[in-house]
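Close look at the chain arrangement
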Amino acid sequence: MPRTTIARVDLDALRHNYTLACQRAGTARAMAVVKADGYGHGIREVARALADLAPKYAVACLEEALAIRDAGLNQPVVLLQGVHQAGDLAECQALTLEPVLHSDTQLAWLTESRHRPRFWLKVNTGMNRLGFRPGELDGVMARLADAGVLPGLLGFVTHLACADDPDSPMTARQTDTFVRATAPWPRLARSLGNSAAHFLPDQPLFDWSRPGIMLYGGSPLIDATGPALGLKPVMTLEAPLLNTRVVRAGESVGYGAGWVASQDGRMGMVAIGYGDGYPRHAGTDTPAAIGGRRIRLIGRVSMDMLAVDLTGVPEARPGDRVELWGPTVGVDEVAACAGTIAYELMTGLTARVPRQYLRRDGGVD
Ligand SMILES: *Cc1c(COP(=O)(O)O)cnc(C)c1O
């Protein structure tokens, strides 16, 4: 019998969240962002579950796009980082992948290539990671036209630096910069918004939005939880109780002996640790749940297990399932306790944790 530490993935919840993204996107269409193995949920299963809803997918790199093709899906796939070598343009053309062109290096690869994929241009409106500055666009467009590749250009992409903070003035500045930079080419599509942008009042999303974290139920805003935004949690991370035991006042638990019981109580060990991707920085008082009741972690997270306080749950027995995050304990809450964001927890789950998929008929795969 395998260990029952598993991540259950509710594909109906994923579909619900994607549908919400479409509603919030208004007249924009939503490309489903499934990079980083579908934010840790399994790129093939996630992409398949959205196949009849999503007109386009977006991933970071070619390997991820190939996984989508491998799953038998034919929608266009945007490569958000474009290609990492000139030779990959052949596969882009052959497989209907749409690289985002963001640098002079990639521009040279495309203009010198005999392959003609459709592609996007990245505009740097202030994120300052990738892309051409607005003042460079005229020159870039001229080079594309000279090389005869302009007909393949689908449109412009930019990325917001502070969309998670509804009070930041940066988003309006970037939006304005994007509008002005792309105005000379009104026939081309525009794409600006990640998940957070779907929840900002009066935020234009233009032709294509790019929801990622919201599809998986994580909150894209710093001051909201996923459920508060109408999102359903997609992943439930569970592990079994290995034991229950008495802990006496004055005894410590785990590495470093940093947590010491102030009174007699009950505790249990849970079969999950940082070797599974559970964050080691989640300290004492990080929430978990058992039978729908909230409990708390005590002491340090180890590689293969962690300790929980069961003083308030005397009926807990070895083998009982502990929810680390899911419907009772939000992944955003656990992330906050570990000083990080839900993105990192979801994508950091390791291969040791099997993903189990809940089908629409209520069965499991
Ligand atoms: C990852 C990514 C997204 C999705 O962001 P979320 O915050 O997860 O919605 C959108 N656009 C780009 C360019 C990205 O890299």
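Worth saying up front: this structure is predicted, and the values here are computed from it rather than measured.

Now for the environment of C22. Position of C22 among the secondary structure elements: in helix α1 (residues 11-25). Given the relative accessible area of 27%, C22 is considered partly exposed. Between the C-alpha atom of C22 and that of E323, which follows or precedes it by 301 residues, the distance is 30 Å.

Looking now at the layout of surface pockets. The space that makes up the largest pocket amounts to roughly 900 Å³. Lining the largest pocket are 37 residues, and of these Y39, H159, N194, I341 and Y343 lie nearest its centre. Contributions of two or more residues to the lining of the largest pocket are made by α2 (35-39), α9 (331-337) and α10 (342-348). Examining the composition of the lining of the largest pocket, we find that four residues originate from one element, α9, more than from any other. For the lining of the largest pocket, the per-class residue count stands at 21 nonpolar, eight polar and eight charged.

This paragraph deals with the UniProt feature "domain: Alanine racemase C-terminal" (unreviewed entry) in the protein. In this numbering, the UniProt entry assigns the feature "domain: Alanine racemase C-terminal" (unreviewed entry) to residues 234-358. Secondary structure content for residues 234-358 is 11% helix and 37% strand, while the C-alpha to C-alpha distance between its ends is 10 Å.

With that settled, consider the packing of helix α6 (residues 104-112) against helix α7 (residues 137-146). Each pair of packed helices gets described by two things: the angle between the helix axes and the distance between those axes. Axis separation between α6 and α7 bottoms out at 10 Å; the angle between their running directions is 15 degrees. Between α6 and α7, the angle is such that the two are roughly parallel. As for how α6 packs across α7, the hand of that crossing is right-handed. Across from D104, L107, A108, L110 and T111 in α6, the residues of α7 making contact are V140, R143 and L144.

A word on the pattern of salt bridges. A complete count under the given rule lists 15 salt bridges for this structure. A salt bridge links D104 to R143; its shortest N-O distance comes to 3.5 Å. Of this pair, D104 sits in helix α6 while R143 sits in helix α7, and the two are 39 residues apart along the sequence. Relative accessible area serves as the criterion here: at 38%, R143 is assigned to the partly exposed category. Note that D264 and R248 form a salt bridge whose closest N and O atoms lie 3.9 Å from each other.

Cut-offs applied
Position labels on residues start from 1 in each chain and follow its written sequence. Residue-level local features of this predicted model are given only where pLDDT is at least 70; pairs of side-chain atoms are given and counted only at 80 or more, and the full residue set underlies all totals for whole chains, interfaces and linings. Side-chain numbers here rest on the full set of heavy atoms in the structure, without hydrogens or water. A run of H or I in DSSP becomes a helix once it reaches four residues, and a run of E becomes a strand once it reaches two; helices and strands are each numbered from the N terminus. Only protein chains enter the accessibility calculation, which uses a 1.4 Å probe; a residue is then buried when its area is under 20% of its type maximum, exposed when over 50%, and partly exposed in between. Here the term cavity refers to a set of points on a 1 Å grid, laid over the protein atoms alone, in which a 1.4 Å probe fits but cannot get out; the term pocket refers to an open set having protein on both sides within 12 Å along at least five of seven lines, with lining residues being those that place an atom within 4 Å of a point. Grid points are joined across faces, edges and corners, and a volume is the space filled by probe spheres set on the points. Under the scheme applied, nonpolar residues are Ala, Val, Leu, Ile, Met, Phe, Trp, Tyr, Cys and Pro; charged residues are Asp, Glu, Lys and Arg; polar residues are all the others, including Gly. UniProt positions are given in the numbering used here, feature names are shortened, and annotations may be inferred rather than shown by experiment. In this analysis an axis means a line fitted to C-alpha atoms, helices contributing only their contacting stretch, and an angle means the value between N-to-C directions, from 0 to 180 degrees. Any angle between 65 and 115 degrees counts as roughly perpendicular, while under 35 counts as roughly parallel, over 145 as roughly antiparallel, and the rest as oblique. By definition, turning the near helix anticlockwise from the far helix through less than a right angle yields a left-handed crossing, and turning it clockwise yields a right-handed one. Contacts between residues were defined by any pair of non-hydrogen atoms, one from each residue, lying within 4.5 Å. Salt bridges are defined by distance alone: a side-chain nitrogen of Lys or Arg within 4 Å of a carboxyl oxygen of Asp or Glu.

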